[in-house]
Amino acid sequence: MRFPLLAAAFFSMVMTATPAVAQIVDYLGIPGPVELGGKSYKLAWNSQPSENYTKQEYVPEGQSPENYGQMVLVERVTGDIKVIDTVRSQMDMLEKRKGIDPLVSYEVLQKDATKEVVLDFLVSVKNSKGGYVVEWNLYRYVPMRSGVLVFAVSHRAYGNDNAKAFLSDLKQLRTAQTGVLLKADLPKPAY
């Protein structure tokens, strides 16, 4: 099951299975490990569904994109697209989820001096066993010379008991991870 993805045509929230055996090609020139908040994340999955959109997911050792507690994402969209357009697209997708997801919520933060935008959002899904998977995401949208770079962190909890504990601790996690992500050096993709 996958669902920490962005919006619209290139940033679509998808809940599909990752192929069991997939060749990982470092499309962005960021092979990893990616460091964030004193933790190391290795490249574990990527996709280039179009010439102008690339997504790479990094997880700690022992975790996988299909079943993780923490993940770092790096996405790049090239072309004539602005940060606000990608953020609006994701917000539209989240609004549409409200009909099927009782926990979906989001908040937008803007860093005026850098023209960056940060989107903090929570989503959930009921798994095939009737338990919930809850996911909190923090996406940092950064304008590039031609397009947008997204540097993000995602956290998940599986099962109703874990989801309840996760939600009760979410305020502290948000505060800590927001500070870490906003201060972090951005990965530098090969353009």
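Reading the values: rules and limits
Residues numbered from 1 in each chain as written. Predicted model: local features only at pLDDT ≥ 70, side-chain atom pairs only at ≥ 80, totals over all residues. Heavy atoms only, no water. Core = buried A, V, L, I, M, F, W, Y, C linked by side-chain atoms within 4.5 Å. Buried < 20%, exposed > 50% of the residue type's maximum accessible area, 1.4 Å probe, protein only. Helix = DSSP H or I, 4+ residues; strand = E, 2+ residues; numbered from the N terminus. Contact = heavy atoms within 4.5 Å. pLDDT = per-residue confidence, 0-100. Pairing = 2+ DSSP bridges. Axes fitted to C-alpha atoms, helices over the stretch in contact; angles between N-to-C directions. Parallel < 35°, antiparallel > 145°, perpendicular 65-115°, else oblique. Nonpolar A, V, L, I, M, F, W, Y, C, P; charged D, E, K, R; others polar. Salt bridge = Lys/Arg side-chain N within 4 Å of Asp/Glu carboxyl O.

(A) Focus on the nonpolar core. Counting 25 residues, the largest nonpolar core has Leu36, Tyr58, Val72, Val74, Trp136, Phe151 and Phe166 as the members making the most contacts within it. Of all the secondary structure elements, the ones that give two or more residues to this core are β1 (34-36), β2 (39-50), β4 (70-78), β6 (116-126), β7 (132-144), β8 (147-158), α2 (160-168) and α3 (170-183). The leading source of residues in this core is β7, at five residues. Once residues within four sequence positions are removed from consideration, valine 74 is found in contact with Leu28, Ile30, Thr54, Lys55, Gln56, Tyr58, Leu149, Val150, Phe151 and Pro187. Membership of the second largest hydrophobic core comes to 21 residues, among which are Tyr53, Tyr68, Val77 and Ala152.

(B) Fine view of the confidence of the model for the chain. When pLDDT is averaged along the chain, the result is 87, and 88% of the positions lie at 70 or above. Model confidence for the chain, summarised as mean pLDDT per element, is weakest for strand β5 (residues 105-111) at 90 and strongest for β8 at 97.

(C) Inspection of the pairing of β8 at higher detail. For β8, the tally of buried residues reaches 11 of 12 residues, placing the bulk of the element in the interior. Relative to β8, β4 runs antiparallel, the two sharing nine bridges. Bridging from a neighbouring strand, glutamine 70 pairs with histidine 155 of β8. Judged from the 12 bridges that link them, β7 and β8 form a sheet pairing that is antiparallel. Bridge pairing in β8 links arginine 140 to phenylalanine 151.

(D) Summary view of the packing of α2 against α3. Look at α2 against α3: their axes get within 4 Å of each other, and the N-to-C directions meet at 55 degrees. Of the possible angle classes, the one that applies to α2 and α3 is oblique. Contact residues: α2 offers Phe166, Leu167 and Ser168, while α3 offers Leu170, Gln172 and Leu173. Along the lines of polarity and charge, the residues of the contact of α2 with α3 split into four nonpolar, two polar and no charged.

(E) Molecular detail of the pattern of salt bridges. Going through the model one piece at a time under the given rule, you end up with eight salt bridges. Where lysine 98 meets glutamate 95, a salt bridge forms, and the shortest distance between an N and an O atom there is 3.1 Å. Taking the relative accessible area as the measure of exposure, lysine 98 reaches 43% and is therefore partly exposed. Here arginine 140 and glutamate 116 are joined by a salt bridge, their closest N and O atoms 2.8 Å apart. One end of the pair, arginine 140, is in strand β7; the other, glutamate 116, is in strand β6, with 24 residues separating them in the sequence. Exposure class is identical for arginine 140 and glutamate 116. Each is buried. Through salt bridges with shared partners, a single ionic network connects Lys55, Glu57 and Glu75.

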